[in-house]
Amino acid sequence: MDKKVEFKKGTYCFGAPVKHQKYLDLPFAREWQPHNEDWGLPHNWKEIIIQGMKTLLNRYRSFKLFMDVCVRCGACADKCHFFIGTGDPKNMPVLRAELLRSVYRRYFTLQGRIFGRLVGARDLTEEILKEWFYYFYQCTECRRCSLYCPYGIDTCEITMMGRELLNLLGCNIQWIIEPASNSYRTGNHLGVPPLAFKETMEFAVDEIKELTGIKIDVPINKKGAEVLFVAPSADYFASPHWYTLLGYLMLFHEVGLDYTWSAFASEGGNFGLFHSYELMKKLNAKIYEEAKRLRVKWILGGECGHMWRVIHQYMDTINGPADFLEEPVSPITGTRFENAKSTKVVHIAEFTADLIFHNKLKLDKSRNDKWVVTFHDSCNTARSMGLFEEPRFILRNVCNRFYEMPENTIREKTFCCGSGAGLGADENLEARLKGGFPRAYAVKYVKEKYGVNMVACMCAIDKASLPTLFEYWVGGVDVCGIHELVGNALVMTGEMERTKDLRGEPLSSGKNNEDLRQ
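Residues numbered from 1 in each chain as written. Predicted model: local features only at pLDDT ≥ 70, side-chain atom pairs only at ≥ 80, totals over all residues. Heavy atoms only, no water.

## Regarding the sheet that holds strand β1 (residues 227-230)
No. 1: Strand order in the open sheet formed by four strands is β2-β1-β3-β4, with parallel pairing between adjacent strands. With partners counted over all chains shown, the strands left at the sheet margins are β2 (259-260) and β4 (345-347), one partner each.
No. 2: Across four bridges, the pairing between β1 and strand β3 (residues 298-301) is parallel. Looking across to β3, one finds that Val 227 is bridged to Trp 298.
No. 3: Helix α14 (residues 306-318) rests against β1, β3 and β4 of the sheet, and its axis sits at about 135 degrees to β4. (Pairing = 2+ DSSP bridges. Helix = DSSP H or I, 4+ residues; strand = E, 2+ residues; numbered from the N terminus. Contact = heavy atoms within 4.5 Å. Axes fitted to C-alpha atoms, helices over the stretch in contact; angles between N-to-C directions.)

Printed below as a string of structure tokens:
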């Protein structure tokens, strides 16, 4: 436990630029880097941390339970992708939690105050603070370890508490603070201003017309629309996310959905989840404020990860219930989404699966025949909200060849991409590649057994991080969103003869491919 942490290049994230810290009015804003010997901490930093921990223990009963009930059985030890990939014992969830738990014992338990190290208690020092930073920012908060804990300890929430405490001293990382600051300033993580957002949508309209011959409409800030659609900003900025966007727009046009985008709430993701309760609450509130301003009935959410964890697990207690909205009902099929009765937000996979189930879409699966597809369950939509069957139902209806990865690596047991929870930076690439190794190894298995060459997923961070991961560990495997494959297969009313898929590549004929669907 007492080995001094070493900030090796490639294994940690850089500190947040001071301009973004100030924009969010964060405490002790300063230029600072983790590898610096002197972190420039305030003189009373220890009192701030102890008082902060006391506040969190009083506010969250779960935090106190998680500090007290662990018996160190080790059931979680080999379940973390970062421990599997790095072999670092402190990346075992039980030991990562112990970094915080040992300080809790010292200052908040009678045994710890009297017996100190004899009962595993440690005095809070700057070295321990650096240890917290290093390991709490090597946890992607994926919650896989919590599945195996016999006491139900959610180590993700311990990481969240650790980060909250570090934030009290201004110890943040760039890849979380900058997107959150951008979201305040422009409405989205990437800092795309409203006019550029509008122009980007116009590019998408032109591209769809070129592919299908159909001119579609993309409403923005339309008051009185039935549905507000919110997606991660990467969908209209990055690749391969862009093709998911095209799929959304084609689908909405084809079914005649009365919807609107918002330039103010042009971001589904919520990087506040990886920083603090207060920041998460503020970023989530933007979506609901815009829904109220535009007078929509309910909200439809795109292929995002942490957006859904915030909505599904925290929205009701931080900003809800959203009583000014209606219980979502599909205007196309009449299906009432009772699971969204409180949040009023329906996942795009639920919406599309319902359309397919009611035979509202004409689909040609053979258009995706050049892809042999597997599905990566994104941690937040799978483990945190149980969205297992809808994406698989869609995939089986839009492509002929779909194969599952091994059972212990999918659904609630899925492995993280290694880049979630704000860790998708460039400077920590070595750590990300090691953390993503278990996921890549499962993809390698289905590639060698079935010839899989496409991994579908429903998370913007997955789409951004998995291509690099697979290029390093597997090779010859691409990444896409579910709605890219939907857009390829969708036969639109009045379309011209389709010769290209959404990537602008020749469309599969399907004539020479055997139907190997599972």
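## Looking at helix α10 (residues 174-186)
No. 1: Between the first and last C-alpha of α10 there are 17 Å, a value that for 13 residues agrees with the 18 Å anticipated at 1.5 Å per step.
No. 2: Every buried residue of α10 is accounted for by Ile 176, Ile 177, Pro 179, Ala 180, Ser 181, Asn 182, Ser 183 and Thr 186.
No. 3: Gly 187 lies just past α10 and shows a positive phi near 105 degrees. (Expected span 1.5 Å × (residues − 1). Buried < 20%, exposed > 50% of the residue type's maximum accessible area, 1.4 Å probe, protein only.)

## Notes on the nonpolar core
No. 1: Formed by 89 residues in total, the largest nonpolar core has its most connected members in Met 53, Phe 63, Leu 100, Leu 124, Trp 132 and Phe 470.
No. 2: Setting aside chain neighbours within four positions, we find Trp 132 in contact with Ile 49, Met 53, Leu 99, Leu 100, Val 103, Leu 124, Tyr 137, Leu 165 and Leu 166.
No. 3: Val 192, Tyr 248, Val 373 and Met 458 belong to the second largest nonpolar core, which has 77 residues in total. (Core = buried A, V, L, I, M, F, W, Y, C linked by side-chain atoms within 4.5 Å.)

## What to know about the environment of Gln 138
No. 1: If you trace the backbone, Gln 138 turns up in the loop between α7 (126-136) and α8 (144-148).
No. 2: Note on Gln 138: relative accessible area 4%, which makes it buried.
No. 3: For Gln 138 and Ala 421, which are 283 residues apart along the polypeptide, the C-alpha to C-alpha distance reads 9.3 Å.
No. 4: Not counting residues up to four positions away in its chain, the partners in contact with Gln 138 are Thr 11, Phe 82, Asn 91, Arg 96, Leu 423 and Ala 431.
No. 5: A distance of 2.9 Å separates a polar atom in the side chain of Gln 138 from a polar atom in the side chain of Asn 91. (Polar contact = N/O pair within 3.5 Å; in protein donor to acceptor, adjacent residues only side chain to side chain.)

## Some details on the packing of aromatic side chains
No. 1: Under the criterion given, the structure shown has 28 aromatic pairs.
No. 2: Between the aromatic rings of Tyr 12 and Phe 14, the centroid separation amounts to 6.2 Å while the plane-to-plane angle is 65 degrees, which identifies the pairing as edge-to-face.
No. 3: Judged by its relative accessible area of 8%, Tyr 12 falls in the buried class.
No. 4: Ring pairs connect the aromatic residues Phe 7, Tyr 12, Phe 14, Trp 32, Trp 39, Phe 133, Tyr 134, Tyr 135 and Tyr 137, which therefore count as one cluster.
No. 5: Between Lys 79 and the ring centre of Tyr 148, over which it is positioned, the NZ or CZ distance is 4.8 Å.
No. 6: One cation-aromatic arrangement involves Arg 144 over Phe 415; the distance from NZ or CZ to the ring centre is 3.8 Å. (Phe/Tyr/Trp six-rings, centres within 6.5 Å; stacked < 30°, edge-to-face > 60°. Lys NZ or Arg CZ within 6 Å of the ring centre and 35° of its normal.)

## Some words on the sheet that holds strand β6 (residues 454-457)
Strand pairing in a sheet relies on backbone hydrogen bonds, with the paired strands running either antiparallel or parallel.
No. 1: Spatial ordering of the open sheet is given by β5-β6-β7, a layout of three strands whose pairing is parallel. Both edges of this open sheet fall to β5 (373-375) and β7 (478-481), since each of them pairs with a single strand only. Adjacent strand axes in the sheet meet at a mean angle of 35 degrees when their direction is disregarded.
No. 2: Here four bridges tie β6 to β7, and the two strands are oriented parallel to one another. Among the inter-strand pairings, Met 454 is bridged to a residue of β7, identified as Asp 478.
No. 3: Running at roughly 165 degrees to β7, helix α20 (residues 460-473) makes contact with β6 and β7 of the sheet.
No. 4: Lying on the sheet, helix α21 (residues 482-489) is in contact with β5, β6 and β7; it crosses β7 at an angle near 80 degrees.

## Considerations on the side chain of Lys 130
No. 1: As for its placement among the helices and strands, Lys 130 is situated in helix α7.
No. 2: It is Glu 37 that comes nearest to the buried, bridge-free Lys 130 among opposite-charge side chains, at 4.2 Å.
No. 3: One polar contact links the side chain of Lys 130 to the main-chain carbonyl oxygen of Glu 37, over a distance of 2.9 Å. (Lys, Arg positive; Asp, Glu negative; His and termini not counted. Salt bridge = Lys/Arg side-chain N within 4 Å of Asp/Glu carboxyl O.)

## Here's the deal with the packing of helix α2 (residues 45-59) against α7
No. 1: For the pair α2 and α7, interaxial distance at closest approach is 11 Å and the crossing angle is 55 degrees. As far as their axial angle goes, α7 and α2 are oblique. Taken as a pair, α2 and α7 cross one another with a handedness that is left-handed. Touching Trp 45, Ile 49 and Met 53 of α2 are Glu 126, Leu 129 and Trp 132, all from α7.
No. 2: Class assignment for the residues of the contact of α2 with α7 results in five nonpolar, no polar and one charged. (Parallel < 35°, antiparallel > 145°, perpendicular 65-115°, else oblique. Left-handed = near helix turned anticlockwise from the far one by under 90°. Nonpolar A, V, L, I, M, F, W, Y, C, P; charged D, E, K, R; others polar.)

## A short note on a negative patch on the surface
No. 1: On the surface, Glu 37, Asp 38, Glu 126 and Glu 127 cluster together to form a negatively charged patch.
No. 2: Tracing the sequence through the fold places Asp 38 in the loop between α1 (18-23) and α2.
No. 3: A relative accessible area of 60% places Asp 38 in the exposed class. (Patch = residues over 30% accessible without salt bridge, like charges linked within 9 Å, V, L, I, M, F, W, Y side chains within 5 Å. Areas by Shrake-Rupley, 256 points an atom, 1.4 Å probe, with all protein chains shown as cover. Charge placed at Lys NZ, Arg CZ, Asp CG, Glu CD.)

## Description of the confidence of the model for the protein
No. 1: Of the residues in the protein, 98% have a pLDDT of 70 or more, and the chain-wide mean is 94.
No. 2: Of the regions scoring below 50 in pLDDT, residues 512-518 engages in 16 contacts with residues more than four places distant in sequence or in other chains. (pLDDT = per-residue confidence, 0-100.)

## Observations regarding the pairing of β1
No. 1: Where burial is concerned, the two faces of β1 agree: the one with Val 227 and Phe 229 and the one with Leu 228 and Val 230 are both buried.
No. 2: Summarising the sheet, β1 and β2 pair through two bridges and their orientation is parallel. Counted as the bridge partner of Val 227 is Tyr 259 from β2.
No. 3: Handedness of the crossover joining β1 and β2 through helix α12 (residues 241-255) is recorded here as right-handed. (Right-handed = clockwise from strand over helix to strand, strands pointing away.)

## Let's talk about the pattern of salt bridges
Where charged atoms of side chains with opposite charge meet at close range, the side chains can pair.
No. 1: What the rule picks out here adds up to 28 salt bridges.
No. 2: As a salt-bridge pair, Arg 106 and Asp 123 come within 2.5 Å of each other at their nearest N and O atoms. Here the residue Arg 106 occupies a position in helix α5 (residues 93-108), and Asp 123 occupies one in the loop between α6 (110-115) and α7, the gap between them amounting to 17 residues.
No. 3: Using a relative accessible area of 45% as the deciding quantity, one classes Asp 123 as partly exposed.
No. 4: A salt bridge links Glu 131 to Arg 122, with the nearest nitrogen and oxygen atoms 3.0 Å apart.
No. 5: You can call Glu 131 buried: its relative accessible area is 2%.
No. 6: A relative accessible area of 6% places Arg 122 in the buried class.
No. 7: Shared partners join several salt bridges into a network, and the residues in it are Asp 377, Glu 389, Arg 392, Glu 404 and Arg 411.

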